[in-house]
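# An overview of the molecular structure
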Amino acid sequence: MGSTCGKSSGDRVQTKKFKNSPARGDGGSLVKAKGQTVCLVVCFDYAGYPALEKSGCTELTSSTDGMRFASLAKASGAKVSAYCDQSDFPGNQGFPSKETIKGELSRLGKELGPDDCFVFFFAGHGDRSKDKEGDEQDGFDEELCFVEPDGSYNPMRDDDISRILQNDFKAGTRILFITDCCHCGTVCDLGRGEFQARPIVHMGAVTDAQLAKDTGSGGAFTSSLVATIESTLQQSKTVFSVAFVYNECFSAHSGKFKDQDFQLEVTPGCDPDTFQWPLVPPAGWSVKTALNTDYESIRKSKKSLLDW
């Protein structure tokens, strides 16, 4: 796919982007990270404090997404840390302020080696704002809607994310970002020249111009994703690629949600056929979502979410 030599921060490269169609890689053999898998879960419900009044962020059920994904990661043997704006979130390590999460990303990036895999999961609101650095073709920065404990708005923009990935993570560390929020298609800004040969994958709920749906029991995308892992295990599959997961998720669930296109984006030098999906729980792992159960019958017990 070419060398990154000579690429500067202002150069843009063409990423591999898939939406409304199956992901097609180069057909390479799966490559598994030989080291540890570390997962950072971040979720916002925007409830119980003035996030609506100060930031315009309406209440969501993203903590349900966070619990489901943390359960998946823990069952898969990953080292998991979770931050939620709801104090009763099981295993919560604190309020996910922007500076706290930037610090965690930076710390983990410096600790992880070229044989490790890092998974970042975000569920909450997403938005767009006018590009301040002149590096966006569409004129907009995509942003994850972080707020402070007092409800004030302090978003994490695509430029923030790409700087951390560029400056703090080693080039060989395998990175999987998963974002369930509006306007998140290119929130990792993987089109920067520095990322050309790096193994970075982003799975997003929607394209940059679309809105993501909250089902009342978590996001449509996260519900679809974890249900896909469960159904894959039922087929006795334990080794598969991120392309396989995306294709199965897209095929089974994307059509259920109008005007929401699940998206997969990878860096130019990364073959999604070779990037092994890092979170595979034991046989029998299952999850309840709004796609396969009555939410009212399960929403009363947050402990039960951990058992999914």
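Relevant structure appears above.
First, a word on scope: everything that follows refers to the structure included in this document. No experiment lies behind these values; they were computed from the predicted model shown.

What follows deals with the pattern of salt bridges. Inspection of the entire model under this criterion finds eleven salt bridges. The salt bridge involving glutamate 143 is made with arginine 157; its shortest N-O contact spans 3.1 Å. Residue glutamate 143 is found in strand 6 (residues 140-144), and its partner arginine 157 is found in strand 7 (residues 156-157); the two are separated by 14 residues along the sequence. Connected through shared salt-bridge partners, Arg12, Asp159, Asp189 and Arg192 make up one network.

Let us look at the side chain of glutamate 142. As for its placement among the helices and strands, glutamate 142 is situated in strand 6. Take glutamate 142: its relative accessible area is 0%, and that puts it in the buried class. Within the structure, glutamate 142 has its side chain in polar contact with the side chain of threonine 186 (distance 3.1 Å).

With that settled, the discussion passes to the state of the cysteines. Counted according to the given criterion, the structure contains zero disulfides. You can see cysteine 84 has no disulfide; the closest cysteine sulfur is in cysteine 43, sitting 3.6 Å from it. Taking the relative accessible area as the measure of exposure, cysteine 84 reaches 1% and is therefore buried.

On to unusual backbone geometry. If you check the backbone angles, histidine 183 has positive phi at about 55° while not being a glycine. Position of histidine 183 among the secondary structure elements: in the loop between strand 8 (174-180) and strand 9 (200-204). Positive phi is not limited to glycine here, since aspartate 189 has a value of about 55°. Examined against the element boundaries, aspartate 189 turns out to sit in the loop between strand 8 and strand 9. Classification of aspartate 189 as buried rests on a relative accessible area of 2%.

Let us now look at the side chain of serine 81. As for its position among the elements, serine 81 is in strand 3 (residues 79-84). Looking at serine 81, the relative accessible area reads 11%, which means it is buried. If sequence neighbours within four positions are ignored, serine 81 has contacts with Cys39, Leu40, Val41, Gln93 and Glu104.

What follows covers the nonpolar core. Counting 83 residues, the largest nonpolar core has Tyr46, Phe69, Phe118, Phe120, Met203 and Trp277 as the members making the most contacts within it. For this core, the element with the highest residue contribution is strand 4 (residues 117-123), accounting for seven residues. Other than its neighbours up to four places away in sequence, phenylalanine 69 contacts Cys39, Val41, Val119, Phe121, Ile178, Leu225 and Leu279.

What counts and how
- Residues numbered from 1 in each chain as written.
- Predicted model: local features only at pLDDT ≥ 70, side-chain atom pairs only at ≥ 80, totals over all residues.
- Heavy atoms only, no water.
- Salt bridge = Lys/Arg side-chain N within 4 Å of Asp/Glu carboxyl O.
- Helix = DSSP H or I, 4+ residues; strand = E, 2+ residues; numbered from the N terminus.
- Buried < 20%, exposed > 50% of the residue type's maximum accessible area, 1.4 Å probe, protein only.
- Polar contact = N/O pair within 3.5 Å; in protein donor to acceptor, adjacent residues only side chain to side chain.
- Disulfide = S-S within 2.5 Å.
- Contact = heavy atoms within 4.5 Å.
- Core = buried A, V, L, I, M, F, W, Y, C linked by side-chain atoms within 4.5 Å.

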